[in-house]
Amino acid sequence: MQNIATLWTALDARKRIVIILAAIAMFAAVLGLSRMATTPSMTLLYAGLESGPAGDVVRALEQRGVAYEVRGGAIFVEAGQRDTLRMTLASEGLPSNSSQGYELLDTLSGFGTTSQMFDAAYWRAKEGELARTIVSNPAIASARVHIANTGSNPFQRDVRPTASVMITTAGGDLPAAQAKALKFLVASAVAGLTAEDVSVIDSAGGLIGGAEEAPSALGEDRSEALRQRVQRLLEARVGPGNAVVEVSVDTIKTTEMIRETVIDPDSRVAISVDTEERTNSEAGAAGGDVTVASNLPSGDAAADGGSSSRTNETRERINYEVSQTEREVTQAPGAIRRLTVAVLVNGTRTPGADGTDTNAPRSDEEMAALRDLVASAVGFDEARGDVITLKSLQFEPQGVLGTAAEPSLWMSMGLDVMSLIQAAVLGLVALGLGLFVIRPILAQPRIGAPAALEAPRRSASAQAAAPASDALTGEIDTSEMDTDSLPVVSGRAAIAAATDAGDDPVARLRGMISDRQDETVEILRSWLEGEEENA
């Protein structure tokens, strides 16, 4: 401590201020790094919770004395306790879902519960159960279901139930296929409800799966499906990245009904035959008396003028039915009107004579085979106007953007990089504090031999008479000293007395200098400063 006090008193005010500020900064740095090193690393526990469930989770963490942080709508806890807390909170039913399901019916008692109250609770429970099922989809963050029930009023006729689903996606828009699945999910859970009477509304994209956008979405989905089918087929032959496929599907966006009747006059069928026969017989007798002879065949009557007649008539009526064909064709939106497929295939690499690879187009036989495969994959119909364009051209090489994401050595070893960095910085600060602050303070100050001072400047005559060595040796030359101009020094009388008595004055002066070193240093400093000012 004596050395520290001596060193502190020997410093001027500026150096003292610098040391104080450096000590304060070093103490703050050590304190901050210590706090960072002792603070546990926080990781995400739950995010996107509503206010009620989030408050329940925070209350449970406070009861357990677990350190947590709330950043926006997320709750962070220590990384080592995250999995344990999730399992523990899940066993207690936390975080609880804000939408309640059939458990609402458990609170109803038989006394004081009317049929209207039970119906309202039942439909509310139905909506909550459907919302829970919809939220189980990873692409959906939250959902609300509203069912417009017709009730049990017997005087209502031709009233169908309807429903609406309000969803919030986790990111992006909900595809039309998933919206259609939600419609069938709600329609299947409610008796008498059809999928057409269910509306799905997205907070980001508006109405999903409406009638006006169904044909367009259907065409895009069909194009993507055909493109993936052709791409997978071609890459099996030419390799991944050597084929680019684009499919355009022109669909019918209007509803068209065609009714056609075709009559074939050359084709007839007898459906009924009506036959009618008529027979008429008539006989006439001659005039005169009737005798016995007239009644005999060979008598006179044979020569009489009597007559007879007989008529047969046959009629046939046949009814024919002409062949007739009636056809009614209804073209709904989404039918394919025209299909266009464009395929670009990379050429083949052929090694040249100089060792370099050259690209060459693929052969006509291979391109014809690939064309047949593409036509079969997309359902090519030339009568419909479909077009397939297949070309073999050289691909331009593209440089890789960025670097491949690979796990680093620290990640593979499972070490916390931030904790290691904090420990390393803390160690460097402690080492610097020990080497450059504490060690110099505690070390003993070394007092070395005084360096030889430079001789003061003299005139030419004095330099000529001066000895060869100009360095000061600590001895005072009294030959040119004016003792009268020297300041009064205590003990001067004793020096004079000693001189008169025959003692050596130089030895006496040396003894006084050793006794009063501070005064001697001040005198020499004043001499030097005076000579520098005169120079």
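- The name an unreviewed UniProt entry assigns to the protein chain is Flagellar M-ring protein, from the organism Roseovarius aquimarinus.
- What the UniProt record of the protein chain gives under Sequence similarities (unreviewed entry) is the line "Belongs to the FliF family."
- Its UniProt record gives the protein chain the following Function (unreviewed entry) comment, quoted word for word: "The M ring may be actively involved in energy transduction."

**Observations concerning helix H6 (residues 176-189)**
Right, so step 1: Along its 14 residues, H6 runs 20 Å from first to last C-alpha, staying within 8% of the 20 Å computed at 1.5 Å per residue.
Right, so step 2: Listed as buried for H6 are Ala 179, Leu 182, Lys 183, Val 186 and Ala 187. Taken down its axis, H6 places every buried residue within 130° of arc, on the same side. Exposed side chains of H6 directed beyond 90 degrees from the buried face belong to Ala 177, Lys 180 and Ser 188.
Right, so step 3: The secondary structure elements touched by the buried residues of H6 are helix H5 (115-135), strand S4 (140-148), strand S5 (162-169), strand S6 (198-202) and strand S7 (206-208).

**Re the side chain of Ser 223**
Right, so step 1: Relative to the elements of secondary structure, Ser 223 occurs in helix H7 (residues 214-238).
Right, so step 2: The residues contacting Ser 223, other than those within four sequence positions of it, are Val 247, Ser 248 and Val 249.

**Here we look at the environment of Val 425**
Right, so step 1: Looking at where Val 425 falls in the secondary structure, it is placed in helix H11 (residues 417-442).
Right, so step 2: Taking the relative accessible area as the measure of exposure, Val 425 reaches 34% and is therefore partly exposed.
Right, so step 3: Remark: the alpha-carbon pair of Val 425 and Ala 29, spanning 396 residues in sequence, is separated by 9.9 Å.

**Observations concerning the sheet that holds strand S2 (residues 68-71)**
Right, so step 1: Within the open sheet, the three strands sit side by side as S1-S3-S2. Their pairing is antiparallel. Each having just a single partner strand, strand S1 (42-47) and S2 make up the two edges of the open sheet. Shown here is a sheet whose adjacent strand axes are inclined to one another by a mean of 30°, direction ignored.
Right, so step 2: Helix-sheet contacts for helix H3 (residues 51-64) involve S1, S2 and strand S3 (74-78), and the interaxial angle to S3 is about 20°.
Right, so step 3: Across the sheet, helix H4 (residues 82-91) is in contact with S1 and S3; its angle to S1 comes to roughly 25°.

**Let's talk about the pattern of salt bridges**
Between side chains of opposite charge, a pair can form as their charged atoms come close.
Right, so step 1: With the rule as written, the count across this model stands at 14 salt bridges.
Right, so step 2: Note that Arg 59 and Asp 56 form a salt bridge whose closest N and O atoms lie 3.0 Å from each other. Taken together, the residues span about one helical turn, with Arg 59 and Asp 56 both in helix H3 at a distance of three residues.
Right, so step 3: Salt-bridge contacts for Glu 260 lead to Arg 327; the nearest nitrogen and oxygen are separated by 2.4 Å. A residue pair is termed long-range when its members are at least 10 positions apart, and Glu 260 in strand S9 (residues 256-284) and Arg 327 in strand S10 (residues 307-331) qualify at 67 residues.
Right, so step 4: Each of Arg 237, Arg 362 and Glu 366 takes part in one network of salt bridges that share partners.

**Considering the sheet that holds strand S11 (residues 336-346)**
Strand pairing in a sheet relies on backbone hydrogen bonds, with the paired strands running either antiparallel or parallel.
Right, so step 1: The three strands lie next to each other as S8-S11-S14, forming an open sheet whose pairing is mixed. Since the sheet does not close on itself, it has two edges, and those belong to strand S8 (243-251) and strand S14 (387-393), each with one partner. In this sheet, neighbouring strand axes are inclined to one another by 10° on average, regardless of whether the strands run parallel or antiparallel.
Right, so step 2: Looking at chain direction, S11 and S14 are connected through seven bridges and run parallel. Its bridge partner being in S14, Val 341 is matched across the sheet by Ile 388.
Right, so step 3: Where helix H9 (residues 364-378) meets the sheet, its contacts fall on S11 and S14, and the angle it forms with S14 comes to roughly 145°.

**Things to note about the nonpolar core**
Within soluble globular proteins, side chains that are nonpolar tend to cluster in buried spots.
Right, so step 1: If you look at the biggest cluster of nonpolar residues, it comprises 22 residues, and the most contacted ones within it are Ile 134 and Ile 167.
Right, so step 2: Of all the secondary-structure elements, those providing two or more residues to this core are H5, S4, S5, H6 and S6.
Right, so step 3: Setting aside residues no more than four positions away along its own chain, Ile 167 makes contact with Ile 134, Ile 140, Ser 142, Ala 143, Leu 174, Leu 182, Val 200, Ile 201, Asp 202, Ser 203 and Ile 208.

**Comments concerning a nonpolar patch on the surface**
Right, so step 1: On the surface, Trp 8, Ile 17, Ile 19, Ile 20, Leu 21 and Ile 24 cluster together to form a nonpolar patch covering roughly 570 Å² of accessible area.
Right, so step 2: The leading source of residues in the nonpolar patch is helix H2 (residues 13-38), at five residues.
Right, so step 3: Mapping Ile 20 onto the fold places it in helix H2.

**Observations regarding the packing of aromatic side chains**
Right, so step 1: For the coordinates displayed, the defined rule picks out one aromatic pair.
Right, so step 2: A ring pair is formed by Tyr 122 and Trp 123, whose centres lie 5.4 Å apart and whose planes are at 75°; its orientation type is edge-to-face.
Right, so step 3: The lysine or arginine in question, Arg 71, covers the ring of Phe 76, its NZ or CZ lying 4.3 Å from the ring centre.

**Some remarks on the environment of Thr 311**
Right, so step 1: Tracing the backbone through its elements, the reader meets Thr 311 in strand S10.
Right, so step 2: Along the backbone, Thr 311 and Arg 278 are 33 residues apart, and their C-alpha atoms lie at a distance of 7.9 Å.
Right, so step 3: With near-sequence residues (within four places) excluded, Thr 311 lies in contact with Arg 278, Thr 279, Asn 280 and Ser 281.

Analysis parameters
Residues numbered from 1 in each chain as written. Predicted model: local features only at pLDDT ≥ 70, side-chain atom pairs only at ≥ 80, totals over all residues. Heavy atoms only, no water. UniProt positions renumbered as here; feature names shortened; annotations may be inferred. Helix = DSSP H or I, 4+ residues; strand = E, 2+ residues; numbered from the N terminus. Expected span 1.5 Å × (residues − 1). Buried < 20%, exposed > 50% of the residue type's maximum accessible area, 1.4 Å probe, protein only. Arc of directions from axis to C-beta. Contact = heavy atoms within 4.5 Å. Pairing = 2+ DSSP bridges. Axes fitted to C-alpha atoms, helices over the stretch in contact; angles between N-to-C directions. Salt bridge = Lys/Arg side-chain N within 4 Å of Asp/Glu carboxyl O. Core = buried A, V, L, I, M, F, W, Y, C linked by side-chain atoms within 4.5 Å. Patch = residues over 30% accessible without salt bridge, like charges linked within 9 Å, V, L, I, M, F, W, Y side chains within 5 Å. Areas by Shrake-Rupley, 256 points an atom, 1.4 Å probe, with all protein chains shown as cover. Phe/Tyr/Trp six-rings, centres within 6.5 Å; stacked < 30°, edge-to-face > 60°. Lys NZ or Arg CZ within 6 Å of the ring centre and 35° of its normal.

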